[in-house]
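Coordinate inspection notes
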Amino acid sequence: LRADIDGQTAAVHASTQFDESKISAKVNVSRFAPLVLHFDLDLDRLNVDKYLPPKAAAGEKTPEQPLDFSALKGLNASGTVKIGQLQVSNVKASNVRLEVKAAGGRLDVAPLSANLYDGSLAGALSVNANNNQVALKQSLTNVNINPLMKDAIDKDLLEGRGNVAVDVASAGTTVAALKKGLSGTASMNLRD
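Let me sum up the structure you'll find in this document. (Residues numbered from 1 in each chain as written. Predicted model: local features only at pLDDT ≥ 70, side-chain atom pairs only at ≥ 80, totals over all residues. Heavy atoms only, no water.)

Remarks on the nonpolar core
Side chains that are nonpolar tend, in soluble globular proteins, to be buried together. Heads up, the condition is: Nonpolar cores are built from buried Ala, Val, Leu, Ile, Met, Phe, Trp, Tyr and Cys residues. Side-chain atoms within 4.5 Å join them into one set. Exposed residues in this analysis have more than 50% of their type's maximum accessible area, buried residues have under 20%, and partly exposed residues fall in between, with area computed by a 1.4 Å probe over protein chains only. Secondary structure elements are defined from DSSP: runs of H or I of at least 4 residues count as helices, runs of E of at least 2 residues count as strands, and each element is numbered from the N terminus. Contacts are residue-level and defined by heavy atoms, with any inter-residue pair within 4.5 Å sufficient.
Among the nonpolar cores identified, the biggest contains 32 residues, and Val96, Leu98, Val100, Leu107 and Leu140 are the most heavily contacted of them. Within the residue set of this core, elements represented by two or more residues are strand E3 (21-31), strand E4 (36-47), strand E5 (77-88), strand E6 (91-103), strand E7 (106-116), strand E8 (119-128), strand E9 (133-144) and helix H1 (145-153). Setting aside anything within four residues of it in sequence, one finds leucine 98 in contact with Gly79, Thr80, Val81, Val109, Pro111 and Leu112.

Here it is in structure tokens:
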């Protein structure tokens, strides 16, 4: 840890282990007020599912909570996140890399890339807290679709390899509103 209070700069370089994850982090602050920071985060593995609440039982309804992106409004940060092995909602990916930039109430993750199910993913994500807009552009290339569907939605519907492209945007204060306002394109090209 290094800090220059008068110059309004600080730096933290740390290596640690949390649960099953080995973490290396570098955070550099170039101004305290308003806070401006740059970061590099490197994790060897992360299983997000371990930290999520259990899913509701079938038929059990829970009230929908409003989405609140207001934390982005005061955030001025940029950096890189690298994860060797990642699991989210039972979907597994490796060599995950995200370039993150947050400023002016907007979060942009571009590029966002990973290897998954014998193929690759590349794209971008943006969230705008000023009007609750979300945009997602992703291309999955040469992905083995059957194990992906089994892990993602627990369905054994299709086999084959191929490409999936998604370019969608929406706005709303709840997940239901985002689904209702969803617009854009999606395509799938499978073989074998």
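Focus: the pattern of salt bridges
Put simply, the rule is: Throughout this description, the term salt bridge denotes a Lys or Arg side-chain nitrogen within 4 Å of a carboxyl oxygen of Asp or Glu.
Counting across every chain of the model gives 6 salt bridges. With a closest N to O distance of 2.7 Å, arginine 97 and glutamate 99 form a salt bridge. Among the charged side chains, a network of salt bridges with common partners joins Asp19, Glu20 and Lys50.

Focus on a nonpolar patch on the surface
The condition is simple: Patch definition: residues above 30% relative accessible area lacking any salt bridge, with like charges linked at up to 9 Å and the nonpolar side chains Val, Leu, Ile, Met, Phe, Trp and Tyr linked at up to 5 Å. Accessible surface is estimated by sampling points in the Shrake-Rupley manner with a 1.4 Å probe; for residues, cover comes only from the protein chains shown.
Where nonpolar side chains cluster on the molecular surface, the patch consists of Ile153, Leu157, Leu158 and Met188 and spans about 410 Å² of accessible area. On the secondary structure map, isoleucine 153 appears in helix H1. Accessibility expressed as a relative area gives 48% for isoleucine 153, which makes it partly exposed.

A closer look at the side chain of serine 170
Put simply, the test is: Here a polar contact is recorded for every N or O atom pair within 3.5 Å, except that within protein the pair must consist of a potential hydrogen donor and a potential acceptor, and residues adjacent in sequence are included only if both atoms are side-chain atoms.
Positionally, serine 170 belongs in strand E10 (residues 161-171). Residue serine 170 is classed as buried on the basis of its relative accessible area, which comes to 10%. A polar contact of 3.4 Å, which involves the side chain of serine 170, links it to the backbone nitrogen of leucine 182. Leave out the neighbours within four places in its chain, and serine 170 touches Asn132, Gln133, Val134, Ala177, Leu178, Gly181 and Leu182.

Looking at the environment of threonine 173
Locating threonine 173 in the fold gives a position in the loop between E10 and helix H2 (175-180). The exposure class of threonine 173 is partly exposed, given its relative accessible area of 48%. On a C-alpha basis, the gap between threonine 173 and serine 78 in space is 25 Å, while along the polypeptide they are 95 residues apart. Not counting chain neighbours up to four residues away, the residues in contact with threonine 173 comprise Pro66, Leu67 and Asn132.

Considerations on the side chain of threonine 80
Structurally, threonine 80 is set in strand E5. Under the relative-accessibility criterion, threonine 80 is labelled buried at 8%. Engagement of the side chain of threonine 80 in a polar contact is seen with the side chain of glutamate 99, the distance being 3.2 Å. For threonine 80, the contacting residues outside a window of four places in its chain are Phe39, Asp40, Leu41, Arg97, Leu98 and Glu99.

So, the sheet that holds E6
Rules: Note on pairing: two strands pair once DSSP finds at least 2 bridges between them. Helix axes use the C-alpha atoms of the stretch in contact, all axes being lines fitted to C-alpha atoms, and the angles between their N-to-C directions lie in the range 0 to 180 degrees.
One open sheet accounts for 11 strands, arranged E1-E2-E3-E4-E5-E6-E7-E8-E9-E10-E11; its pairing is mixed. Where the open sheet ends on each side, the last strands, each with one partner, are strand E1 (2-4) and strand E11 (183-191). Between one strand and the next, the sheet's axes are offset by a mean angle of 10 degrees, whatever the strand orientation. Summarising the sheet, E9 and E10 pair through 10 bridges and their orientation is antiparallel.

Considering H1
All of the buried residues in H1 are Ile145, Asn146, Leu148, Met149 and Asp151. Contact partners of the buried residues in H1: E6, E9 and E11.

What to know about the layout of surface pockets
The test is simple: Note on definitions: the grid is 1 Å and covers protein atoms alone; a cavity is a set of points where a 1.4 Å probe fits but cannot get out; a pocket is an open set with protein on both sides within 12 Å along at least five of seven lines; lining residues have an atom within 4 Å of a point. Grid points are joined across faces, edges and corners, and a volume is the space filled by probe spheres set on the points. Under the scheme applied, nonpolar residues are Ala, Val, Leu, Ile, Met, Phe, Trp, Tyr, Cys and Pro; charged residues are Asp, Glu, Lys and Arg; polar residues are all the others, including Gly.
Of the pockets and cavities examined, the largest pocket occupies roughly 950 Å³. In terms of lining, the largest pocket is formed by 22 residues, of which the most central are Val88, Ser89, Val91, Leu121 and Leu136. Contributing elements (two or more residues each) for the lining of the largest pocket: E5, E6, E7, E8, E9, H1 and E10. For the lining of the largest pocket, a count of residues per class yields 20 nonpolar, 2 polar and no charged.

Just distances and angles here, no functional claims.
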